[in-house]
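Close look at the chain arrangement
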Amino acid sequence: MKILAICGSGLGSSFILEMNVQEIVNELGVLSVEVSHSDLSSATPDMADLFIAARDIAEGASHLGEVVVIDSIIDMDGIREKLREVFTQKGML
């Protein structure tokens, strides 16, 4: 599974989100997950199976496919909860 962390512009906040997602993926022990990052305007539906974005740009990301919407890119508990739900639904946990 490919996960793409996206932000509104630039790459700084999406890189932070990518690192946080990768840490949580490792912590949960989910295998075969590749995490990368991009800005919203460069992201395309074929870049990932799952996209993760903060609430402020989530509407603009709806064309990408399955988008996990989080409240904050630094809220590890919130990100963990959302990813755990997705991984459980997909039978990966």
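Residues numbered from 1 in each chain as written. Predicted model: local features only at pLDDT ≥ 70, side-chain atom pairs only at ≥ 80, totals over all residues. Heavy atoms only, no water.

As a further point, take the environment of Asp49. Inspection of the secondary structure puts Asp49 in the loop between β2 (34-39) and β3 (50-54). By relative accessible area, Asp49 is classed as partly exposed at 47%. Not counting chain neighbours up to four residues away, the residues in contact with Asp49 comprise Met1, Lys2 and Glu66. In terms of polar contacts, Asp49 uses its side chain to reach the backbone amide nitrogen of Lys2, at 2.7 Å. (Helix = DSSP H or I, 4+ residues; strand = E, 2+ residues; numbered from the N terminus. Buried < 20%, exposed > 50% of the residue type's maximum accessible area, 1.4 Å probe, protein only. Contact = heavy atoms within 4.5 Å. Polar contact = N/O pair within 3.5 Å; in protein donor to acceptor, adjacent residues only side chain to side chain.)

On to the pairing of β3, then. Burial of β3 is extensive: 5 of the 5 residues sit out of reach of the surface. Sheet topology places strand β1 (residues 2-7) next to β3; 4 bridges connect them, and they run parallel. Across the sheet, residue Ile6 finds its bridge partner in β3, namely Ala53. Note that β3 and strand β4 (residues 67-70) share 4 bridges and pair parallel. Within β4, the position partnered with Ile52 by the bridge is Val68. (Pairing = 2+ DSSP bridges.)

Tracing the chain through its elements places Arg80 in helix α3 (residues 76-89). A distance of 2.6 Å separates the side chain of Arg80 from the side chain of Glu27, its partner in a polar contact. Not counting residues within four places of it along the chain, the set of residues in contact with Arg80 comprises Ile24 and Glu27.

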